[in-house]
Amino acid sequence: MTTRAEAGWPPLSPGERAVAIEVLVHGPLSRSEIARRLNLSAGSLTRLTKPLIESGLLIEAVESGEGENAEVRQGRPSQPLDIVAESRSFIGFKITEDMVYGVVTTLRSDVVARHDRPLTTHTPAEVADLLAEMTEELTRSLPAPAGIGIGVGGRVEKRSVVAESAFLGWTDVPLAELVEPRTGLPVVVENDVAALVEAETWFGAGRGLDRFVVLTIGAGIGYGLVLGGSRVASVEDGRGVGRRWIVNPYGPLTPEGERGSAISLLTIPSIRYQVRAATGEDLTYEEILARAAAGDPLPARVLDEAARALGTLVAQIANFAMPQKILLAGEGVGLVDVAGPVVEETILTHRHPQADPVDLETKVSDFHDWARGAAVLAIQVLVLGTGEGRSAGAEGDPT
């Protein structure tokens, strides 16, 4: 993986990095507010901000504090510091079994362009060729991007090598090494759930929170924990979560996961399997949701059981991790629209009567949100130099 210095930016000191992140995530901020947040003296803050302004990462903004109208004004300490979001752009890719989803984002992760392509091969070199073609297409009418982030379901090492990805059939594929010479851009590779958690922590539902959880349901189950404002990494990252997370020991046995596990009860393939076994019909997930909402008893029974499993899972997370918020995301969140009251009732059943209410936020997300998460990883590593070379990931089944 290309480092920040190799990408053309001078390396940031820990102090400079802390200032840059504070302004990026929470700005525009006055110097006094930055100093208060980071417990810095006025002299130390001046020393830390000078190279950031000179490198173009930070600017002194106009009085309104609007980033898009920002301008550099040297020697005016009263001016708030901000980042011009459009000053750099980043590409994010989410690779699924049969598609690649691509986005271009600003420095604050706002999506400004999208481009998707079918994935017809899993040969690593050919996948890298496709990513290079998509990069050219995405940036044809935009300024040259600063870097690329790639999200993959599975285990990723050193933010560059796909150590294991079941749905792609990959083992020890140096994806960053393959994509960088084809695009001429620095590349960061990460587990897709980890990337989504980072994006939501910095720019989404978890912004400003000390304890935060992301739970995703879709083709698999994903879980990410944030403590002290930072994602918690584990040796189990990317190895799959939910297969042995038993939420109902008497639940169904499906081709994936143990009996009554989160995988067997909550994933879209398992729900479709159960409905097919009960009705003989091969329905899409959307058709199952629609039939259950209309009162069709068999799909409704399967979704009711899934809703109780989800409520049990959320309550378990709340009981042990004690997060300030749980974000439920992924392609499977339509379950809450159909069976939300069952989810809420089950959460209450498994919580202490005097416990704080669970702040459960649902986000109907598509794969472009996952691609955006990969772009955020590129912002963190290539611009700010956070976590370079660290083995990373988040628990999650391939999606």
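The structure this text deals with has already been given above.
Heads up: these notes are all about the structure in this document. Along each chain, residue indices are assigned from 1 in the same order as the chain's sequence is written. The predicted nature of this model means local features are confined to residues of pLDDT at least 70 and side-chain atom pairs, given and counted, to a pLDDT of 80 or more, with totals for whole chains, interfaces and linings taken over all residues. Each side-chain value is derived from all of the structure's non-hydrogen atoms; neither hydrogens nor water enter the calculation.

1. A word on the sheet that holds strand β8 (residues 161-165)
- Each pair of strands is called paired provided DSSP finds at least two bridges between the two strands. Secondary structure counts use DSSP, requiring at least four H or I residues in a row for a helix and at least two E residues in a row for a strand, with both numbered from the N terminus. Read across the sheet, 3 strands follow the order β7-β8-β9 without closing on themselves; strand pairing throughout is antiparallel. Two strands lie at the open edges of the sheet, namely β7 (155-157) and β9 (170-173), each paired on one side alone. Adjacent strand axes in the sheet meet at a mean angle of 20 degrees when their direction is disregarded.
- Pairing between β7 and β8: 3 bridges, direction antiparallel. In the sheet register, valine 156 faces β8, and the bridge partner there is valine 162. Between N-to-C directions, angles cover 0 to 180 degrees, with each direction set by a line fitted to C-alpha atoms, over the stretch in contact for helices.

2. A closer look at the packing of aromatic side chains
- Between the rings of Phe, Tyr and Trp (Trp by its six-membered ring), a pair exists once the centres lie within 6.5 Å; its type follows the angle of the planes, with under 30 degrees stacked, over 60 edge-to-face, and the other angles tilted. Scanning the entire structure with this criterion turns up 3 aromatic pairs.
- Aromatic pair tyrosine 223 and tryptophan 245: ring centres 5.7 Å apart, planes at 90 degrees, arrangement edge-to-face. Here the residue tyrosine 223 occupies a position in strand β12 (residues 221-227), and tryptophan 245 occupies one in the loop between β13 (230-231) and α7 (262-266), the gap between them amounting to 22 residues.
- By relative accessible area, which is 14% here, tyrosine 223 ends up buried.
- Geometrically, a charge over a ring is one whose NZ (Lys) or CZ (Arg) sits within 6 Å of the ring centre while staying within 35 degrees of the ring normal. Above the ring of tryptophan 370, the side-chain terminus of lysine 94 is found at 5.1 Å from the ring centroid. Categorising residues by exposure relies on relative accessible area from a 1.4 Å probe, with only protein chains included: less than 20% of the type maximum marks a residue as buried, more than 50% marks it as exposed, and the intermediate range marks it as partly exposed.

3. So, the environment of isoleucine 268
- By the element assignment, isoleucine 268 lies in helix α8 (residues 268-279).
- Between the C-alpha atom of isoleucine 268 and that of threonine 284, which follows or precedes it by 16 residues, the distance is 8.9 Å.
- By the convention used here, residues are in contact when the closest approach between their heavy atoms is within 4.5 Å. Apart from residues no more than four positions distant in its own chain, isoleucine 268 is found in contact with Gly218, Tyr285, Glu331 and Gly332.

4. Looking at the pattern of salt bridges
- We count a salt bridge whenever a side-chain nitrogen from Lys or Arg sits within 4 Å of a carboxyl oxygen from Asp or Glu. For the structure on display, the rule yields 23 salt bridges.
- Where arginine 36 meets glutamate 33, a salt bridge forms, and the shortest distance between an N and an O atom there is 2.7 Å. Here arginine 36 pairs with glutamate 33, and both are found in helix α2 (residues 31-38), just 3 residues apart, close to one helical turn.
- Linking lysine 94 and aspartate 192 is a salt bridge whose minimum nitrogen-to-oxygen distance equals 2.4 Å. Here lysine 94, found in strand β3 (residues 89-95), pairs with aspartate 192, found in helix α6 (residues 192-203); they are 98 residues apart in sequence, far enough to count as distant.
- Assessed through its relative accessible area of 1%, aspartate 192 is described here as buried.
- Three or more residues joined by partner-sharing salt bridges are found here, namely Glu22, Glu33, Arg36 and Arg37.

5. Here's the deal with the nonpolar core
- The set of buried Ala, Val, Leu, Ile, Met, Phe, Trp, Tyr and Cys residues whose side-chain atoms join them within 4.5 Å is what this entry labels a nonpolar core. In this structure, Leu215, Ile221, Leu266, Leu310, Ile317 and Leu335 are the most contacted members of the largest nonpolar core, which totals 40 residues.
- Secondary structure elements with two or more residues in this core: β11 (211-217), β12, α7, α8, α9 (285-293), α10 (297-321), β14 (325-330) and α11 (334-349).
- Of all the elements, α10 adds the most residues to this core, at 11 residues.
- The residues contacting leucine 310, other than those within four sequence positions of it, are Leu215, Leu266, Leu328, Leu335, Val336 and Val343.
- Membership of the second largest hydrophobic core comes to 34 residues, among which are Ile53, Leu57, Ile379 and Val383.

6. What to know about α9
- When we look at burial in α9, the residues that qualify are Tyr285, Ile288, Leu289 and Ala292. Angular distribution of buried residues about the axis of α9 spans 100 degrees; they occupy a single face of the element.
- Positive phi appears at glycine 295, one or two residues downstream of α9, with a value of about 100 degrees. Each direction from the helix axis to a C-beta atom contributes to the arc, which is the arc of those directions.

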